[in-house]
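A structural walkthrough
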Amino acid sequence: MTINLFDDACWASLRPLTFTRPVADLRIGILTIAEKWGKYLNADFGFYTQDYLSIKFAPKPNADLFINGSVCPDEALLNAVSGLKAGEALYKENIVVAYIADHHDLEAVKLLKQIEYPGDFVQVVYPENIFGHNPAEIRKDFKLLTEGRTSAKISGTNQLLGEDIFLEEGAKIECSVLNSGYGPIYIGKNAEVWEGSLIRGSFALCENSSVKMGAKIYSGTTIGPNSRAGGEINNSVIWGNSAKGHEGYLGNSVMGEWCNIGADTNNSNLKNNYAEVKLYDYESRKMRNTNLQFCGLIMADHAKSGINTMFNTGTIVGVSANVFGGGLPPNHIPDFSWGGGNSFEAYKLDKMLETTEKVFARKNLPLTEVEKNIIAKVFELTESYRRF
């Protein structure tokens, strides 16, 4: 079976995280949204996304099932989608969830037979939805990935509380405390938890990633593949190929891919007056109320912070921003910014690409022309946000 996942208006409201990827490529729980649908349907998948992203995230040919990339699957929704016939579209109020047709066209979908879905589901509309729904999505993905399977052996040097702990082949944990009484703990292939770590589920450590010695990790946290985590982390999602390896606090936050947080970097996730947190909105170019009391840092791909950086409650850090120096930076740090406090300048594209090539080389990966072209396009798209 082959499916294509499409972007709708959520692509815009999820910026800056989606400047560099389709919505369905966002990680929430253990898997990306696309990987979830692929697992549930035993299907290969492609994407219908922004033109400049489609070279990397291309649609699959000969697919007739199209699924909204912002919608996370569950068993009830899977049954409804699987029951669709040619010429039918599944709706939830005004949301197109899925449809069957010979090509992708959201305008033409209005002409199909509309079937209203009676249940509820998780939809990722804003960046804060990612950490907000992450505990529940870890539970769903844990069941999806481990049901009927046996965990690799867990070393007797560990203190285990609860039984929902699963290690994939090659995973290693020594001299650590793992508490799955509050949610499952999943350790991916060849991932490693170093000595002295304290982990409370729900928690996912994905393939080839590591948790450093003495880390304190709380419920609702996902560390994506090829990443390193340390210090104190609470209810946060790191997409992959990123590092938060040192002491410092990360809470109620999302980090993209190819990010690095310097030693003793901290973010606030609660305002001193306990008021609801606002986040910068790219569409309105104003602050948007999240209606959340706890909301921390949203950091897009390729962003970096220097040592001792202090991020305020509800901070958006754009693609390829490089933040350093003393003082509290603003709540919105535009894409391709360079500086700290209230003093920023544009991060020149050639300099950014030079650094990124070195970052990729550390993972033994080339910085391809496709990646360079996407970064250059994002630089162009975000120019009007840089008013220094």
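It should be noted that the structure appears before, not after, this text.
Before going into details, it helps to say that this report is about the structure given with it. (Residues numbered from 1 in each chain as written. Predicted model: local features only at pLDDT ≥ 70, side-chain atom pairs only at ≥ 80, totals over all residues. Heavy atoms only, no water.)

The next subject is the overall build of the protein. Within the protein, the regular secondary structure consists of six helices and 37 strands. Seen through its principal axes, the protein has C-alpha atoms that stretch 55 × 55 × 45 Å. Taking all 388 residues of the protein together, the buried fraction comes to 55%. Partitioning the contacts of the protein with sequence separation of at least 6, the portion at a separation of at least 24 is 45%. Carbon and sulfur atoms form 49% of the exposed surface of the protein, whose accessible area is close to 16,600 Å². Averaging the coordinates of the 38 positive side-chain charges in the protein and doing the same for the 45 negative ones gives two points 4 Å apart. (Helix = DSSP H or I, 4+ residues; strand = E, 2+ residues; numbered from the N terminus. Buried < 20%, exposed > 50% of the residue type's maximum accessible area, 1.4 Å probe, protein only. Contact = heavy atoms within 4.5 Å. Areas by Shrake-Rupley, 256 points an atom, 1.4 Å probe, with all protein chains shown as cover. Lys, Arg positive; Asp, Glu negative; His and termini not counted. Charge placed at Lys NZ, Arg CZ, Asp CG, Glu CD.)

By size, the foremost hydrophobic cluster in this structure holds 62 residues, and its most contacted members are Trp-37, Ile-67 and Leu-77. Apart from the residues within four sequence positions on either side, Trp-37 is in contact with Ile-3, Leu-5, Asn-42, Ile-67, Val-71, Cys-72, Pro-73, Leu-77 and Val-81. Counting 32 residues, the second-largest nonpolar core is a separate cluster that includes Ala-171, Ile-173, Cys-259 and Ile-333. (Core = buried A, V, L, I, M, F, W, Y, C linked by side-chain atoms within 4.5 Å.)

This part takes up the sheet that holds strand E19 (residues 221-223). What holds strands together in a sheet is hydrogen bonding between their backbones, with the strands either parallel or antiparallel. Across the sheet, which stays open at both edges, the nine strands sit in the order E10-E13-E16-E19-E22-E25-E30-E33-E35 with parallel pairing between neighbours. Edge strands, defined here as strands with exactly one partner in the open sheet, are strand E10 (165-167) and strand E35 (332-333). In this structure, strand E22 (residues 237-240) lies alongside strand E25 (residues 254-257), joined through three bridges in parallel fashion. Across the sheet, the residue bridging to Gly-240 is Glu-257, located in E25. (Pairing = 2+ DSSP bridges.)

What follows is about the side chain of Arg-21. Looking at the element boundaries, Arg-21 is found in the loop between helix H1 (10-13) and helix H2 (33-41). Separated by 2.9 Å, the side chains of Arg-21 and Asp-301 make a polar contact. Other than its neighbours up to four places away in sequence, Arg-21 contacts Trp-11, Leu-26, Leu-53, Phe-57, Trp-239, Glu-257 and Asp-301. (Polar contact = N/O pair within 3.5 Å; in protein donor to acceptor, adjacent residues only side chain to side chain.)

A few words on the pairing of strand E28 (residues 277-281). Burial analysis of E28 places four of its five residues in the buried class, which makes it a mostly covered element. Where E28 lies against strand E29 (residues 286-292), five bridges are found, and the strand directions are antiparallel. Across the sheet, the residue bridging to Val-277 is Leu-292, located in E29. Linkage of E28 to E29, two consecutive antiparallel strands, is achieved through a turn of four residues, within which Arg-285 is found at a positive phi near 60°.

Our focus in this paragraph is the environment of Ala-346. The topology assignment puts Ala-346 in strand E37 (residues 343-346). A relative accessible area of 35% means that Ala-346 is categorised as partly exposed. With sequence-adjacent residues up to four places away left out, Ala-346 is seen in contact with Phe-336, Arg-386 and Phe-388.

Here we take up the sheet that holds strand E12 (residues 177-179). Strand order in this open sheet of six strands is E9-E12-E15-E18-E21-E24, and the pairing throughout is parallel. Edge positions in the sheet fall to strand E9 (159-161) and strand E24 (249-251), since each of these pairs with one other strand and no more. Bridging between E9 and E12 involves three bridges; their strand directions are parallel. Residue pairing across strands places Leu-161 opposite Asn-179, the latter belonging to E12.

Orientation of H2 relative to helix H4 (residues 128-146), taken along the N-to-C sense of each, is 35°, at an axis distance of 11 Å. Note that H2 runs across H4; the crossing there is left-handed. Listed contacts from H4 to Lys-36, Lys-39 and Tyr-40 of H2 are Glu-137, Asp-141, Leu-144 and Leu-145. Taken together, the residues of the contact of H2 with H4 break down into three nonpolar, no polar and four charged. (Axes fitted to C-alpha atoms, helices over the stretch in contact; angles between N-to-C directions. Left-handed = near helix turned anticlockwise from the far one by under 90°. Nonpolar A, V, L, I, M, F, W, Y, C, P; charged D, E, K, R; others polar.)

Two elements in contact, H2 and helix H3 (residues 75-82), have axes whose closest approach is 11 Å; the angle formed by their N-to-C orientations is 70°. By the angle between their directions, the pair H2 and H3 is classed as roughly perpendicular. At the point where H2 passes H3, the crossing takes the right-handed sense. Contacts from Trp-37, Tyr-40 and Leu-41 in H2 reach Glu-75, Leu-77, Leu-78, Val-81 and Ser-82 in H3. Among the residues making up the contact of H2 with H3, the classes are represented as six nonpolar, one polar and one charged. (Parallel < 35°, antiparallel > 145°, perpendicular 65-115°, else oblique.)

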